[in-house]
Amino acid sequence: MLQTLPAAAATDEAPPRPILQLVGVRKVFGGFAAVEGIDLDVREGEFLTIVGPSGSGKTTLLRMLAGMDQPSEGNITLRGELINDMPPNKRPTCLVFQSLALFPHKSVGENIAFALKVKGVDAATRKKRALELMRIVRLPDNYHDKNVMKCSGGERQRVALARAFAYDPEVLFFDEPLSALDYKLKKALEKELKDLHRETGKTFIYITHSLEEAMVMSDRIGVMRAGKLVQVGTPEEIYGAPVDRFVSEFVGEVNTLKMKRAGAEWHGVDVPGTFTLSPPKDGASLDEAFVVIRPEYMRFLAPGERADNQLTGTVYNEYSLGSRIQYQIRVGEKVMLAELSRARALAPGASAEVTIGWDAADAFTLGS
Amino acid sequence: MADIALARASKMAPETARELRHARRLSVGARCALPVAVLLAIGFLAPMVAILAYSFATPRSFDVFRSFTLENFASLFDPTNTVWLSFAWSVGFALFTVAILAVIAYPIAYGLNAVFGRWAGFVSVLFVFPLFVSENVRLYGWVLFFIKNGVLDGTLKWLGFSGGPEVLYTPGVTLFGMAYTYLPFMLFPMTLGLALVPRDLVDAARDLGAGRLFIWREIELPLAMPGILIGMLLTFVLAVGATAEAKILGGQSIIVISHDIEIAFTYSQNWPLGSALAVVVSVFIAALTLVALSKLDLDRMLGRR
Amino acid sequence: MAGISRRSMLQGMAAGAGALAAGPLLGTGSALAAREKELNILCWEGYNSAQVLDPFRSKTGATVKAESLTNDPTMINRLRAGEINTWDLINVNNPWARKVMLPEKLIKPLPKAEFEPFFAKMLPEFKWPYKWAMSEDGNDLLGMVQRFGPYSFVVNTDKVSRKTAEETGWDLFNDPALAGKYGILESDDWNVFNIFVVAGIDPFKVHTPEEMAKFEETAKRVFKGAKLIGDIASMNQALISGEIDLHLTGGTYSVSPARADGHPNLRAITPLKGPLAGGKGGISWIEVTSTVNNPNLSPLALDFLKYVQAPEVAHTVAFAEGTFNPVAQMGNKACFDLFTKEELDAIQWDSLEEEMARSVEYDIVPDYDKALDIMNAAKRLRG
Ligand SMILES: Nc1ncnc2c1ncn2[C@@H]1O[C@H](COP(=O)(O)OP(=O)(O)O)[C@@H](O)[C@H]1O
Ligand SMILES: [Mg+2]
C-alpha cells in the first residue's frame, strides 16, 4: 500500500541522512567520460532535480542509479549499502523513462500492475490495486482495459507514473518525462507531480534540461555540464548565487560582460567604460571577471537618473513576454537585454537612443 | 484510376459531351502506369492463368483453352490416389522445419540484436553469404560431407573411429537440408522482429522487478511475434514447395508434393494433372497464408490500435 | 532479405510458368522471320555442348540454340504444344521418328540422295536402309543416326562381379540381400521398362491386368528397396563412394564419365538373358536426329546434320561433355582412329558389339501412361 504521508518532514532540522550517496562516480564509454567525478548526497524524501543541456550525461547518471549501467569508477550506496552492481530488478528504485517505455501490447491496467504480476499477485488483487493507483494519478476507472497506445500523451504519462508507483520503490527516477508534452499540459503535470511527491513522501530524482521545470518542482537542483555536477543547491541558491557563467546563463537569459582589471579599476572588454563590480562570491581576487546582470535588473535611466554602472545604446528590437516587454539594445557590438513591465513600456517611436544601467549589488561577479 | 474518374463523372452528371469524354480518358498517372501494369499482367498473371487453364484441360493433352473437364481434380481427390502422401510429407516436413528453425534461429537472432555487438554485421553476412551460392551446389556440398568416405566419414575414420553415421539418403537428412536451406528466411524476419522490441521496454520491465524469463515471456516474445510469425510463414511456404533437399540429400527417400508436380510436368508429360496439382497446392498455401495474415494482426501486436 | 527472396521467388515462378504459358503461344509471329542465320535444336545432352556447336557457329556465323532435355516424350510434347515453328532439329531415341512423329506430322523426311552416302561409312549394323532411320513403309529417310549404346544397369564390379551380374541379370533387383544396396537412376521411361523386366515381363507389348499387378508389386518393392533415386551424377558418386553397389537403369551413357574419370571398376552390364523378345537380356538405344516439320525450316538444319557426321565432329559428339558414347561413324576408320585407348575403354568398346547383340532396341510401351502412373504411385510409398 502506498502510504500517504503528511508534508515532508521538516527541512530546517539537521539534514536527514542521505538515502543515496554517490562518491567519485564516473562512467566512461570507450575513452569518453560521459559522467565524471560526481559526489552527491540525496536526502530521504527530497525532490532533487538534475538539469543540464542535452548530452551532459544526465541519462547516463540516472541509468547508473537505476542499475541499468555500472559506474566505471566510484561508489553508489543506498542507505549505506554499496549497490554498484545490484541489478535493477533487485533495487528498490524505479525509473520513469524519457520514452515512458510503456508496454504497447498491454492495457493501461496491465501496464500499471506489471510489477505486481512479477511478484505473483493474483489477478483480482492486481486489478484492485491498479484502480487505486489510477485514482491517485487521476486516470478514470474505465481506462483500466484501454489499450495504452490509445491514450493521449498526458494519460500515458500518468500510466507510467502509476506503473512506477505499483513497484512501491523508495526512490523514483524521472528522465525528462514531460519533455514531449505541450506547454499547458506540462505545467499541469509538473504541479501534479509535485503534489504526488508531497503526498507519497518518496524520494524523487528528476532529470530535465529545462531549468524552469526544475525551479517549479524541486527541493534542490543539481546543474550538470559535460558530465560534471557544477552546482547543487536550492532553487534560490542556483538562481541567486550561480557559481559560474554557465550556471547563470543556464538559469535564464542574462547579460554577460567581460571585464579586465587595471589597478583598482575594472574596464569593459566588450563595451567601453569603467565599471563598479560587487566582490566575487568566494572573495577571490581576479584579474579578469564576468559580470552577469539579469535583464529584469537592467534599468532604463531617465535623464538625470543614475546607477552604479551605465551604458548608452539603441533599441533595435522588442519582444512581448506577456506582462513584461524585453528590449534588445545594441551597445557597440554587444546586444544587451533589458525588461520593463508593460505598463511602463517605452512609447512606440520614442527616441531610439536609451541609457541603461545597473547597480553593482544587482549583478554577480564571476571568475569563469 | 479510370474507374474512379468514371464513377465521379456519372455521379456529377456531366453537362457536356466534352466533359464526359474528358472524364472517360485515363488520367496521366494511369497512362504512365499502363506499361508496368501490362508487364505485370503478362509476367505474373499470364503464367497463373495458363496453369489454371491447363488444370481444366483433358488429361495428358495440350488442349488448353480448348477443352474443359474436372477430371484432373477428380483424379487428385480420388481416394485411391496416393498423392496425398506426398502432400502430407511436404506439410509435415515444412512444419518440422519451421519448429526446428524457430528454436535454432531465436538465439541467433537474439545474439544479432543484443550480444554480438559490432560483430553482428559480420555474423549476418555469414548467414547471407550462402544465399549467393546456388541451393543445389550447397546441397551437393552436404552430400560430399555426409557420403561414405566423404568429409565426415573420412575424417572420423582418419581419427581412428569406425566411421560416420549412415545418414545420407534418409528422410532425416532431408529435414536437415531443409532447416539448413531455410535458416536465413527464418532468421532475418526474426532478427527484425526482435530489433523492433525497444531496449527501453526490456530495461523498464527489469526495473520493475522482472527476471529474464518473465521479460522474455511477457515483453520480448509478444513484441517480436510479428517478425517471428512472418519468418515462420515464409519458411513454411518455402518449405512446402521444397524439392531439392528431398532429391539431392534425401535421394528421394520421400517424394514431396512439388516433386510430384514436377514429375507430372516432365516424366509423365501430364501438364493438366500437374497444373491441377499446382492449383490445389497454391490454393492451400494461399488460404493458409491469408488465414495466418488475418490472425497476425500487426497493428494490434505493435499496439498501434 | 524478404524482399529479395520474394522477388526471386516470383521471378522463378514467372519463369517456370512463363515457359509453360509460352508453349502454345510461341511461334505464331516468327513464321515470317528470315531464318538463314538461325538454328534451333532440341536434343539430348551432348549435342548442346560448346565443343560441338562452336565450330559450326563460327563456320556459318549463325545463332545456334540447343536445348537439352532428358526425356523423349518431353521433347516431342514441346512440338505438340505448338513449338513446331521454333525448332529445326529434334534428337530423340529410335522409335519415335517412324512410329510417332512422322504420323503426327511433327517431322519431315530428309533428301535421301544427300544423306545415303553417310550410312555407307557407319558401323555394319547401321547399313542402308537402316530400320530406325526410315519410315514404316521404307520409302522415306526420317533422320540421321549417331550415338547409341546398351542401357540396362550398372554395377561396381568390386562388389558384384561382371560374371555374376551378367548371369544373374535382372534378378539382382529381386534379391532381398541387395535391398538398400542399390540405387535407381531416375529416368521415367527406362525405369518403366526396367521394372517390367525385373518383374519378368516384356515391356514392349500390351499388358494383361495380371502383368500390371505384377508390375505394381515389383515397382513398390524395387523402389522401396532402393537406397536412393537420383540423376546420373548422384549414381556415379554413390557408386564411387560405396554408398551403393549397383543401380537400376543405366549403361554406357551414364557410367562412361565415371569410367573415364579413373573408375574402371564401374561397368555397364547387359544380362545374358531376360524376358525381352528372343530371350534377350538388355535394351539399347539409338538416337535419331530429324528435321522438324517447321514451315519455315532453317536451311542450316541439313548442313548441321551433315556437319556432325564428319569424322572429327562425330568424335567430338562421342566425347562431348557430360556423357561419352559410341557413334555410328566409328565404322569409318578416319573417325575410329581418333579414339584413344582410354576413350575406347570408357565406352566399353571391348564388349560393345556383344552387348548390343544381347539387347533389344528401345521401343514404345503401348500402355506406358498406365504403367507410369503405377510407378509414380509406387515411388511415393518409399517414405
Ligand atoms: N551507451 C553509450 N555509448 C556511448 N556513448 C554514450 C552512451 N550513452 C550515452 N553516451 C554519450 O554520453 C553523453 C551523455 O549522454 P546522456 O547521458 O544521454 O546525456 P543527456 O541525458 O544529458 O542528454 C553523450 O555524449 C552521449 O552520446
Ligand atoms: Mg537523456
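Residues numbered from 1 in each chain as written. Chains lettered and ligands numbered in written order. Predicted model: local features only at pLDDT ≥ 70, side-chain atom pairs only at ≥ 80, totals over all residues. Heavy atoms only, no water.

### Here we look at the overall build of chain B
A count of helices and strands for chain B gives 15 helices and zero strands. Relative to its full complement of 305 residues, chain B shows a buried share of 47%. Contacts in chain B between residues far apart in sequence, at least 24 positions, make up 66% of those at least 6 positions apart. For chain B, the exposed area adds up to about 15600 Å²; of that, 72% sits on carbon and sulfur atoms. (Helix = DSSP H or I, 4+ residues; strand = E, 2+ residues; numbered from the N terminus. Buried < 20%, exposed > 50% of the residue type's maximum accessible area, 1.4 Å probe, protein only. Contact = heavy atoms within 4.5 Å. Areas by Shrake-Rupley, 256 points an atom, 1.4 Å probe, with all protein chains shown as cover.)

### Re the environment of B:Phe236
Along the chain, B:Phe236 turns up in helix H11 (residues 212–240). Non-local contacts of B:Phe236, meaning those with residues more than four positions away in its chain, are made with B:Val91, B:Ala94, B:Leu95, B:Val98 and B:Leu288.

### A word on the layout of surface pockets
Taken as a whole, the second largest pocket spans an internal volume of roughly 530 Å³. Together, 28 residues line the second largest pocket, and B:Asn81, B:Leu273, C:Asp373, C:Ala377 and C:Arg380 are the ones closest to its centre. Elements represented by at least two residues in the lining of the second largest pocket include exactly helix H4 (71–77), helix H13 (257–265) and helix H14 (271–295) of chain B together with helix H8 (209–225) and helix H16 (368–380) of chain C. Per-element accounting of the lining of the second largest pocket gives the leading share, seven residues, to H16(C). Partitioned by chemical class, the residues of the lining of the second largest pocket number 11 nonpolar, eight polar and nine charged. (1 Å grid on protein atoms, 1.4 Å probe; cavity = no way out; pocket = protein on both sides within 12 Å on 5 of 7 lines; lining within 4 Å. Points joined across faces, edges and corners; volume = space filled by probe spheres on them. Nonpolar A, V, L, I, M, F, W, Y, C, P; charged D, E, K, R; others polar.)

### Details of empty space enclosed by the protein
Considering all chains together, one arrives at five cavities of 30 Å³ or more under this definition. Lining the largest cavity, in full, are A:Val137, A:Gln157, A:Arg158, A:Leu161, A:Phe174, A:Pro177, A:Leu178, A:Leu189, A:Glu192, A:Leu193 and A:Leu196. Looking at the lining of the largest cavity, the elements with two or more residues in it are helix H5 (153–166) and helix H6 (183–200) of chain A. Taken together, the residues of the lining of the largest cavity break down into eight nonpolar, one polar and two charged. Put simply, the second largest cavity is a space of about 70 Å³. If you go around the second largest cavity, you meet 13 residues; those closest to its centre are C:Tyr47, C:Gln146, C:Thr289, C:Leu305 and C:Val308. Those elements that place two or more of their residues in the lining of the second largest cavity are strand E1 (38–43), strand E3 (89–93), strand E5 (144–156) and helix H11 (300–307) of chain C. Considering each element in turn, the lining of the second largest cavity owes the most residues, three residues, to E5(C). Of the residues belonging to the lining of the second largest cavity, the class tally is nine nonpolar, four polar and no charged.

### A short note on the domain arrangement of chain A
Residue and element names in this part refer to chain A. Entries for chain A in the domain assignment read domain 1 (18–246) and domain 2 (253–366). Taking only C-alpha atoms, the centre of domain 1 and the centre of domain 2 are 39 Å apart. Each side of the interface is counted separately: domain 1 has seven residues, and domain 2 has seven residues. The largest per-residue losses of area from domain 1 upon contact with domain 2 belong to Tyr239, Pro242 and Arg245, which jointly make up 73% of the total buried on that side. (Domains from an automatic or database assignment. Buried area = accessible area lost by both parts, 1.4 Å probe.)

### Here's the deal with the sheet that holds strand E5 (residues 81–82) of chain A
Residue and element names in this part refer to chain A. Reading across from one edge, E2-E1-E4-E5 is the order of the four strands in this open sheet, with antiparallel pairing throughout. Either end of the sheet is taken by a strand with one partner, and the two such strands are strand E2 (32–43) and E5. The pairing of strand E1 (residues 18–29) with strand E4 (residues 73–78) spans five bridges and is antiparallel. Along E4, the bridge assignment pairs Leu22 with Ile76. Across the face of the sheet, helix H1 (residues 58–66) comes into contact with E1, E2 and E4 while running at roughly 125 degrees to E1. (Pairing = 2+ DSSP bridges. Axes fitted to C-alpha atoms, helices over the stretch in contact; angles between N-to-C directions.)

### A word on the sheet that holds strand E15 (residues 299–300) of chain A
Two pairing modes exist for strands in a sheet, parallel and antiparallel, and in both the strands are linked by backbone hydrogen bonds. All names here are of chain A. Pairing in this open sheet of five strands is antiparallel, and the strands run E15-E19-E16-E17-E18 from one edge to the other. The sheet is open, and its two borders are formed by E15 and strand E18 (334–341), each paired with just one other strand. Inspection of the sheet shows E15 paired to strand E19 (residues 353–358) by two bridges, in the antiparallel sense. Bridge pairing in E19 links Phe300 to Ile356.

### Focus: the interface of chain B and chain A
Where interface size is given, it is often the accessible area lost as the parts come together that is meant. Listed as interface residues are 20 residues of chain B and, on the opposing side, 27 residues of chain A. Buried surface at the junction of chain B and chain A, both sides included, amounts to about 2000 Å², of which 64% is carbon and sulfur. Summed over the shared surface of chain B and chain A, the result is three salt bridges. In this structure, A:Arg63 engages B:Asp203 in a salt bridge whose closest nitrogen and oxygen atoms are separated by 3.1 Å. Counting only elements with at least two residues in the side of chain B that touches chain A, the list comes to helix H10 (199–207) and H11 of chain B. A per-element tally of the side of chain B that touches chain A places H10(B) first, with seven residues. Considered class by class, the residues forming the side of chain B that touches chain A number 11 nonpolar, three polar and six charged. (Salt bridge = Lys/Arg side-chain N within 4 Å of Asp/Glu carboxyl O.)

### Thoughts on helix H15 (residues 349–357) of chain C
Residues and elements named next belong to chain C. Of the positions making up H15, those classed as buried are Ser351, Leu352, Glu355 and Met356. All buried residues of H15 lie within an arc of 140 degrees about the axis, which places them on one face of the element. When the buried face of H15 is taken as reference, the exposed residues oriented beyond 90 degrees from it are Asp350 and Glu353. Looking at the buried residues of H15, the elements they touch are E5, helix H6 (162–168), strand E9 (266–269), strand E10 (282–292) and strand E11 (359–361). (Arc of directions from axis to C-beta.)

### Describing the site of ligand 1
All names here are of chain A. Lining the immediate environment of ligand 1, one finds Phe29, Phe32, Ala34, Pro53, Ser54, Gly55, Ser56, Gly57, Lys58, Thr59 and Thr60. Measuring from an oxygen atom of ligand 1, one finds a backbone N or O atom of Gly55 at 2.7 Å. Notes on ligand 1: free accessible area 560 Å², of which the protein chains cover 57%. Every element with two or more residues in the shell around ligand 1 is listed here: E2 and H1. Its residues assigned to classes, the shell around ligand 1 comprises four nonpolar, six polar and one charged. (Near = heavy atom within 4 Å. Polar contact = N/O pair within 3.5 Å; in protein donor to acceptor, adjacent residues only side chain to side chain.)

### A few points about the packing of aromatic side chains
Under the criterion given, the structure shown has 50 aromatic pairs over all chains. Note on C:Phe153 and C:Phe173: the rings are 5.3 Å apart at their centroids and 80 degrees apart in plane angle, and the pair reads as edge-to-face. Pair noted here: C:Phe153 is in strand E5 and C:Phe173 is in the loop between H6 and strand E6 (182–185), with a separation of 20 residues, a long-range link. Comparing C:Phe153 with C:Phe173 shows no difference in burial state: the two are buried. Ring-pair connections join several aromatic residues into one group, and the members of that group are C:Trp44, C:Trp96, C:Tyr151, C:Trp190, C:Phe193, C:Phe204, C:Tyr253, C:Trp285 and C:Tyr362. The aromatic ring of A:Tyr239 is capped on one face by A:Arg294, whose charged end is 4.0 Å from the ring centroid. Between A:Arg330 and the ring centre of A:Tyr316, over which it is positioned, the NZ or CZ distance is 4.4 Å. (Phe/Tyr/Trp six-rings, centres within 6.5 Å; stacked < 30°, edge-to-face > 60°. Lys NZ or Arg CZ within 6 Å of the ring centre and 35° of its normal.)

### Thoughts on the interface of chain C and chain B
Every contact between the two is made by 41 residues of chain C and, on the other side, 47 residues of chain B. Remark: the boundary between chain C and chain B carries four salt bridges. For the interface between chain C and chain B, the tally reads 19 residue pairs in polar contact (both at pLDDT 80 or more). Within the residue set of the side of chain C that touches chain B, elements represented by two or more residues are helix H1 (2–25), helix H3 (72–80), strand E7 (226–230), helix H9 (232–241) and H16 of chain C. Taken together, the residues of the side of chain C that touches chain B sort by class into 18 nonpolar, 12 polar and 11 charged.

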